[in-house]
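If you want the building blocks of each chain, they are given just below.
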Amino acid sequence: AHPSRMDALRVAITAPEGTPYSGGLFIFDVRFPPTYPSGPPSVQLLTTGRGTVRFNPNLYECGKVCLSLLGTWEGRAGETWNERTSTLLQVLVSIQALIFVPDPYYNEPGYEQQMGTATGAQRSKSYSAEVRENTLRWAMLNQLRHPPNGFEKVVKAHFYLRRELVRQVSRALHETLAFRTPGSASELLESIPLGLKGLATVRLQHLLGSQLTPWSREDSSTPRQHPAPLTPLAQSQSWAFPPPDPA
C-alpha cells in the first residue's frame, strides 16, 4: 500500500509454472480512480526492462495492460468490469491466468488462427524463447539486483521458495539461445558478465547474498567487473540456501 495515499498500491505477481514467465516476479502499480468500484482500477506494469520490453501482446513497453476487465480491451458480455461482482483480486488473477500463459504468441489478435500449424508452432516457440530470455534478465536477475522499494523481503522469499527452479535455468538458456543468431548470442553473452551463461552456473545463494555486477549497457556508467568463476549447478553439492529474513 502507498504510505500516504489510499487510492494507490503496488503488487507483485508471480508467473505460473510451465510458462516462459516461470520464476519471474512482475511488479504492477494499481490506482483507484474516483469512479471505483463502479468502474475498474487502472493497472500499469513496472517490469518493462526500462521501457524496452514487451512481455506479451497484452503488456506494452510503456506498462499498459490490455485486459477486458480493465476496459483497455474490447470484451464480450461477462468479461468486462461489473460494479457488483468485479474485484481487484479478479483483476490480478486474470493477469496471472490470461496473460502469463504457456504460449503468449497467440494472445495477439488473429494469431490464434495459426494454432495447429507448423508455422504457428515455430513462431510461438521463437516468441516464447525471447520472452523467457527477458524474464531471466528483468523479472529474475534485475529483481534480485535491484529489489523494488518495500519488496525486498518479498523478492528474497520468492527466490528462496523457487530455488529448485534454478536447476532448470541451464536447459532454458540453451533453448533460448537456439533461437538467436550466432552473432547476437555472442553479443548477449559478452554484454552480461553474470549473464545468461553465468545464470546457468550461478547459485541463488550467491545472488541473494552479494552485490551483483552490472550486465547491461544501461549500466555502462559503472565499470564492468567480472565475478570469480562459480561451480556449475550440475556439479555443485551445496544447496544450503539461506532462508528469508523473519517477518
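Since this is a predicted model, take the numbers as computed values, not measurements. (Residues numbered from 1 in each chain as written. Predicted model: local features only at pLDDT ≥ 70, side-chain atom pairs only at ≥ 80, totals over all residues. Heavy atoms only, no water.)

## Some words on the pattern of salt bridges
Within the structure shown, the criterion is met by 3 salt bridges. Linking arginine 10 and aspartate 29 is a salt bridge whose minimum nitrogen-to-oxygen distance equals 2.6 Å. Residue arginine 10 is found in strand 1 (residues 8–14), and its partner aspartate 29 is found in strand 2 (residues 25–31); the two are separated by 19 residues along the sequence. (Salt bridge = Lys/Arg side-chain N within 4 Å of Asp/Glu carboxyl O. Helix = DSSP H or I, 4+ residues; strand = E, 2+ residues; numbered from the N terminus.)

## Quick look at helix 1 (residues 88–99)
Each α-helix turn comprises 3.6 residues. Residues three or four places apart therefore point the same way. Over its 12 residues, helix 1 runs 16 Å from end to end, which matches the ideal 16 Å to within 8%, given 1.5 Å per residue. Taken residue by residue, helix 1 has Leu88, Val91, Leu92, Ser94, Ile95 and Ile99 as its buried positions. Each buried residue of helix 1 sits inside an arc of 155° when the element is viewed along its axis, so together they form one side. Pointing more than 90 degrees away from the buried face of helix 1 are the exposed residues Leu89 and Ala97. (Expected span 1.5 Å × (residues − 1). Buried < 20%, exposed > 50% of the residue type's maximum accessible area, 1.4 Å probe, protein only. Arc of directions from axis to C-beta.)

## Some points on the side chain of asparagine 56
On the secondary structure map, asparagine 56 appears in the loop between strand 3 (42–45) and helix 1. Only 2.8 Å separates the side chain of asparagine 56 from the backbone oxygen of isoleucine 99, close enough to count as a polar contact. Other than its neighbours up to four places away in sequence, asparagine 56 contacts Tyr21, Ile99, Pro104, Asn107 and Tyr127. (Polar contact = N/O pair within 3.5 Å; in protein donor to acceptor, adjacent residues only side chain to side chain. Contact = heavy atoms within 4.5 Å.)

What is shown is where atoms sit, not what they do.
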